[in-house]
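Next come the chains, spelled out residue by residue.
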Amino acid sequence: MFDKVEQGKKVTSILATNRTENIGMDVWDAFVVPRYFDHHDFFSTMPCKIEGGRGCGKTMLLRYLSYQSQFSPKRTFSDEVDLSHIGLYWRADTQFLRQLSKRGVSSEDWSKCFIHYFVLKVTIEVFKSIDFIAKSKNMLSDFSSKRIVELELYDETLTGPVSEIKVALERIRKKFELAISNPSLLEKVVFFPFDFLKSALDELQVILPELSKTNFHVFIDEYENLLKYQQVIVNTCVKHSEPPIIFKIACKKNGMPFIETTGEEAIVLKNDYIVHDLDEYTSKEYNIFASEVLLSRLSKVAEQQSNICLSNADSLRARREEEYKKSILIRAREIFPGKKQSELAEDVFNKASLRGKLNDMLVQALKNKGCDSLCAKDFIKTEAKEASIVCTALLNRESIDPEALLIQLIKHVEKEKSQFDDWIGTNFVGCYLNIIQRRKEENRLYCGFDTFISLSQGNLRHFLELCRTAFSAGFTIQNSNFSISQDYQSFAANQTSSSLFSEIKSFKPKGEKLQNFANRLGELFALHQSRLSQSEPEKSHFSITGGATSLSNEERLLLDECEKWGVLTKVTATKTKSRLSIDDYDWILNPIYAPKFEISYRKKRKLNLNSEDIKALFSDQKYLYDALYEKHKKLVINKSDSYAKEKGNSLGTKDMFDV
């Protein structure tokens, strides 16, 4: 019994570790090599920008590429250890680097300070990597006896055995950080230029022949958090990268707003660097990758997967076998069983409160139609539960004749061809959400492995948080199969959605404005979701009439912030009904927020908003949003159904039923 309790604690603890920072620098045994990994050369001598939203795996990838993981003591090599590439990971200490501004010091001197600090940090990592590899893999056995002499030109303490230079460099770094805290001491600092790093590498590659052909790749994480002048300096490093030192940056979407360098030329895409879009890469077979990560985590507690080593890129070929992919998806779906549409309909019929709501909605719809010849129970067919639920919307459409609809329903019950073949697929989810409205504890739309995949939309951190919350709530000592009930999964979806929505406020510097925008947008989608006719169901994204160019500069920047932080996703626009629309993009509210607003997570239909609407959604003046909401409320409660008329979807004309 005790072992089972401990097992449950371990499961939730392991799944809670969904940030790379909680793992450490050596991620070798925790890393699941992404399925795109062998299609892209991250150790190319071409500089690159690795971009993607929060939770896409940027930091984990960079740490996997770093020397601590590539030469990990946990890693075994079948062949000779390859020293042609050594990865150096550097994430800016934002709190420290933001001190390198103003405070009575000129911008020119702050630039010298940043260059000095950056060069120091990278050089220290170079010496640390050599020491680490020597000890971890028993290589460079006589490196400690080799002496550095050329660096004495920069500082008299920088001479002696290779193993001692990093200690001297650390002392110089600490003195510099002390001077930053006391700017009057900066006058005594001897600033190192970029040539210092090159001098160090040149000498190392002479005295250590094993490194003579080694390229050092500096992976700069969270580049977007650097100050503008610091980004410009890094841009210069990227532009002028050449062996043996290559600079590569990682940032969120829209995290590289400046293309300037310290010289007259700008940094140019393709000429100076390439882009690795991890969101795009991860979207392919994301469900398989997520299931691998889940099973890898759970395998630390109980056997859950095959013997394939997921942290080794050599295993990717085996992981692409169809039988393997099929097996892990089956296992993931066993852990998080979902509900088919037919089973959701079964719930409505079996739960008295929901069946009562279904009956009440049909009664009201027939009353609004002025139909006395039929009653609600005529449209409640236990043999056609999904169709019965969809009738709650169809009977609220002005163009639908109840008696003609009943004929179609009977045909459907008798397995004949009917219009319900199309109506169910288009309208069921919207109708189910209207019935379940304000009954979150009974809503089972958001459960199941495949639904968790859709809710997390490529964000592995969100996926693992859904899993963690589900296990935390639903794992029991009697449950040896690691299968979480749909009730607990739904609870997890609601909890995670609300928790991650609250987190938006922390997205600096515009967090509160972004959260306010997301809340208003969610309210608008929920409002349209409540439309009884469901003539345009499942609205979960919007387009901007006239495109983003019709917006003010401030609103465009705010949309960029929404995309950067993953509140919105920007995709190429789908076709629009209006010829006047110049929709360059569609903007999708992150599906993880769908449970909070009780709306669909699927990308089905969109709202067409204009520049004034976007202004109102972002505005601090609440009356502007109130006016927008009221405008849409009138559209929703309007009984006329122009959409149905537009489509000619009238059941008032009997010859439409002739088959």
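Residues numbered from 1 in each chain as written. Predicted model: local features only at pLDDT ≥ 70, side-chain atom pairs only at ≥ 80, totals over all residues. Heavy atoms only, no water.

Student: If you had to explain the overall build of the protein chain to someone new, which residues and values would you point to?
Tutor: Of regular secondary structure, the protein chain possesses 26 helices and 11 strands. Principal axes of the C-alpha set define a box for the protein chain whose edges measure 100 × 60 × 45 Å. Out of the 659 residues belonging to the protein chain, those deemed buried represent 54%. In the protein chain, 76% of the contacts between residues at least 6 apart in sequence involve partners at least 24 apart. Only carbon and sulfur atoms are counted for the fraction: they give 49% of the accessible area of the protein chain, which is about 29900 Å². (Helix = DSSP H or I, 4+ residues; strand = E, 2+ residues; numbered from the N terminus. Buried < 20%, exposed > 50% of the residue type's maximum accessible area, 1.4 Å probe, protein only. Contact = heavy atoms within 4.5 Å. Areas by Shrake-Rupley, 256 points an atom, 1.4 Å probe, with all protein chains shown as cover.)

Student: Any details on the nonpolar core? Residues and values, ideally.
Tutor: Counting 107 residues, the largest nonpolar core has Phe-336, Phe-379, Phe-420, Phe-463 and Phe-542 as the members making the most contacts within it. Considering each element in turn, this core owes the most residues, 10 residues, to helix H17 (residues 420-436). Other than its neighbours up to four places away in sequence, Phe-542 contacts Phe-517, Leu-521, Phe-525, Leu-559, Leu-568, Tyr-585, Asp-586, Trp-587, Lys-606, Leu-607, Leu-609 and Ile-614. One finds Val-122, Val-126, Ala-179 and Ile-245 within the second-largest nonpolar core, a separate group that totals 68 residues. (Core = buried A, V, L, I, M, F, W, Y, C linked by side-chain atoms within 4.5 Å.)

Student: Please provide a residue-by-residue account of unusual backbone geometry, values included.
Tutor: Cis geometry is found at the peptide bond from Pro-243 to Pro-244, where omega equals 15 degrees. Within the fold, Pro-244 resides in the loop between helix H8 (228-239) and strand E6 (245-251). With an omega of 5 degrees, the peptide bond running from Lys-508 to Pro-509 counts as cis. One can find Pro-509 in the loop between helix H20 (486-503) and helix H21 (511-529). Positive phi outside glycine occurs at Gln-457, with the angle close to 45 degrees. As for its placement among the helices and strands, Gln-457 is situated in the loop between helix H18 (449-456) and helix H19 (460-474). Using a relative accessible area of 33% as the deciding quantity, one classes Gln-457 as partly exposed. The residue Gln-534 is not glycine, and still its phi comes out positive at about 50 degrees. One can find Gln-534 in the loop between H21 and strand E8 (539-544).

Student: Account for the sheet that holds strand E11 (residues 605-609), with residues named and values stated.
Tutor: Reading across the sheet, the four strands line up as E9-E10-E8-E11 and stay open at both edges, with mixed pairing between neighbours. The sheet is open, and its two borders are formed by strand E9 (568-572) and E11, each paired with just one other strand. Going from strand to strand, the sheet's axes swing by 35 degrees on average, the running direction of each strand aside. Taken together, the five bridges between E9 and strand E10 (residues 585-589) define a ladder with antiparallel strand orientation. Within the sheet, the bridge partner assigned to Thr-569 lies in E10 and is Ile-588. Contacts between helix H22 (residues 553-564) and the sheet are confined to E8, E9 and E10, with E9 contributing the most and set at about 100 degrees to the helix. (Pairing = 2+ DSSP bridges. Axes fitted to C-alpha atoms, helices over the stretch in contact; angles between N-to-C directions.)

Student: Give me empty space enclosed by the protein: which residues, what numbers.
Tutor: Applying the stated rule across the entire model yields one cavity of 30 Å³ or more. If you add up the space inside the largest cavity, you get close to 40 Å³. Lining the largest cavity, in full, are Ser-540, Leu-589, Asn-590, Pro-591, Ala-594, Ile-599, Ser-600 and Tyr-601. Tallied by class, residues from the lining of the largest cavity come to five nonpolar, three polar and no charged. (1 Å grid on protein atoms, 1.4 Å probe; cavity = no way out; pocket = protein on both sides within 12 Å on 5 of 7 lines; lining within 4 Å. Points joined across faces, edges and corners; volume = space filled by probe spheres on them. Nonpolar A, V, L, I, M, F, W, Y, C, P; charged D, E, K, R; others polar.)

Student: Summarise the environment of Pro-244; cite the residues concerned and give the values.
Tutor: Note on Pro-244: relative accessible area 14%, which makes it buried. The spacing of Pro-244 and Ser-212 is 32 residues in sequence and 9.1 Å in space, taken between C-alpha atoms.

Student: How would you explain the state of the cysteines if you had to name every residue and give the values?
Tutor: What the rule picks out here adds up to zero disulfides. Summary of cysteine pairing: Cys-56 is not part of a disulfide, and the nearest cysteine sulfur, belonging to Cys-251, is at 10 Å. Relative accessible area serves as the criterion here: at 7%, Cys-56 is assigned to the buried category. The closest cysteine sulfur to the non-disulfide-bonded Cys-562 is located on Cys-251, 17 Å from its own sulfur. (Disulfide = S-S within 2.5 Å.)

Student: Before we move on, can you summarise the packing of aromatic side chains with the specific residues and values?
Tutor: For the structure on display, the rule yields 31 aromatic pairs. Relative to Tyr-117, the ring of Phe-96 has its centre 4.6 Å away and its plane inclined at 45 degrees; by these criteria the two rings are tilted. Residue Phe-96 is located in helix H4 (residues 94-97), and its partner Tyr-117 is located in helix H5 (residues 107-136); the two are separated by 21 residues in the primary sequence. The pair Phe-96 / Tyr-117 is uniform in exposure class, with both members buried. Pairing Phe-336 with Phe-471 gives two aromatic rings, centres 5.8 Å apart and planes at 80 degrees, and the pair type is edge-to-face. Of this pair, Phe-336 sits in the loop between helix H12 (322-335) and helix H13 (341-350) while Phe-471 is found in helix H19, placing the two residues 135 residues apart along the sequence. Members of the aromatic cluster, each reached through a chain of ring pairs, are Trp-28, Phe-31, Tyr-36, Phe-37, Phe-42, Tyr-64 and Tyr-281. When the ring centre of Phe-349 is taken as origin, the NZ or CZ atom of Lys-385, which lies over that ring, is 5.6 Å away. It is Lys-570 that lies over the ring of Tyr-585; its NZ or CZ is 4.5 Å from the centre. (Phe/Tyr/Trp six-rings, centres within 6.5 Å; stacked < 30°, edge-to-face > 60°. Lys NZ or Arg CZ within 6 Å of the ring centre and 35° of its normal.)

So, to be careful, I would describe these as geometric facts and stop short of saying anything about function.
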